Amino acid sequence: MTTIKIALLGFGTVAQGTFNLLQDNAELIRNRTGVNVEISKIFVRNPDKYSHITLPETAQYVTDIEEVLKDDSIQMVVELMGGTTFAKDCVEGALKAKKM
């Protein structure tokens, strides 16, 4: 079975909702698509802010966007920070790194 590793950029309300939907529906996604979706990294500015949230063993918080962009195992980047400057730069960096 194919596994797609995903990085989330941001972990606010919308990103946590996305995280929960992907986690809660992992089996349904796997059954319908034949693809295992794995959240690998979550880019945040302050990981201590989210210490109350238990991540799966496969996921980790990172504070340097380069850890996402230079990780060849990550195939998909989901920008959930919003904004038009840093978020745009992150998306452009992800596209240049050939990530979906």
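What counts as what
- Residues numbered from 1 in each chain as written.
- Predicted model: local features only at pLDDT ≥ 70, side-chain atom pairs only at ≥ 80, totals over all residues.
- Heavy atoms only, no water.
- Helix = DSSP H or I, 4+ residues; strand = E, 2+ residues; numbered from the N terminus.
- Rg over C-alpha atoms; globule rule 2.2 N^0.38 Å.
- Buried < 20%, exposed > 50% of the residue type's maximum accessible area, 1.4 Å probe, protein only.
- Contact = heavy atoms within 4.5 Å.
- Lys, Arg positive; Asp, Glu negative; His and termini not counted.
- Charge placed at Lys NZ, Arg CZ, Asp CG, Glu CD.
- Pairing = 2+ DSSP bridges.
- Axes fitted to C-alpha atoms, helices over the stretch in contact; angles between N-to-C directions.
- UniProt positions renumbered as here; feature names shortened; annotations may be inferred.
- Core = buried A, V, L, I, M, F, W, Y, C linked by side-chain atoms within 4.5 Å.
- Arc of directions from axis to C-beta.

Enquirer: Would you take a moment to explain the overall build of the protein for this structure?
Expert: Assigned secondary structure in the protein consists of four helices and four strands. In the protein, the order of α-helices and β-strands from amino to carboxyl end is β-α-α-β-β-α-β-α. Here the C-alpha radius of gyration of the protein, 13 Å, is about what a compact globule of 100 residues would show, namely 13 Å. By the burial criterion, 36% of the 100 residues in the protein qualify as buried. Sequence-distant contacts in the protein: of pairs separated by 6 or more residues, those separated by 24 or more amount to 64%. Counting 11 positive and 13 negative side-chain charges, the protein places the averaged centre of each group 5 Å from the other.

Enquirer: Which parts of the structure should I look at to understand the sheet that holds strand β1 (residues 2–9)?
Expert: The pairing of strands in a sheet happens through backbone hydrogen bonds and is either parallel or antiparallel. Taken together, four strands build an open sheet; the order of strands is β3-β2-β1-β4 and the sheet is parallel. Strands at the two margins of the open sheet, each flanked by one partner only, are β3 (60–62) and β4 (76–79). The average angle at which neighbouring strand axes cross in this sheet is 30 degrees, direction not considered. Where β1 lies against β4, four bridges are found, and the strand directions are parallel. Bridge pairing in β4 links L8 to V78. Packing against the sheet, helix α1 (residues 13–24) makes contact with β1 and β2 (35–43), and its axis sits at approximately 155 degrees to β2.

Enquirer: Quick question: what am I supposed to make of the UniProt feature "domain: Aspartate/homoserine dehydrogenase NAD-binding" (unreviewed entry) in the protein here?
Expert: Mapped onto the present numbering, the UniProt feature "domain: Aspartate/homoserine dehydrogenase NAD-binding" (unreviewed entry) falls at residues 10–99. End C-alpha to end C-alpha, residues 10–99 measures 17 Å, and it is 40% helix and 18% strand.

Enquirer: What is the right way to read the nonpolar core from this model?
Expert: Soluble, globular proteins show a tendency: their nonpolar side chains are buried together. By size, the foremost hydrophobic cluster in this structure holds 16 residues, and its most contacted members are I6, L8, F11, F19, I39, I42 and L55. When contributions to this core are tallied by element, the ones reaching two or more residues are β1, α1 and β2. At four residues, β2 tops the list of elements feeding residues into this core. Counting 11 residues, the second largest nonpolar core, distinct from the first, contains L9, F43, I65 and V77.

Enquirer: Sorry, what's going on with helix α4 (residues 86–96) here?
Expert: Residues spaced three or four apart along an α-helix point in a common direction, a consequence of the helix completing one turn every 3.6 residues. Taken as a whole, α4 has its buried residues at A87, C90, G93 and A94. Across the axial projection of α4, the buried residues extend over an arc of 125 degrees, all falling on one side. Along α4, exposed side chains directed more than 90 degrees from the buried face belong to L95 and K96. Looking at the buried residues of α4, the elements they touch are β1, α3 (65–69) and β4. Looking one or two residues beyond α4, the residue adopting positive phi is K98, at roughly 65 degrees.

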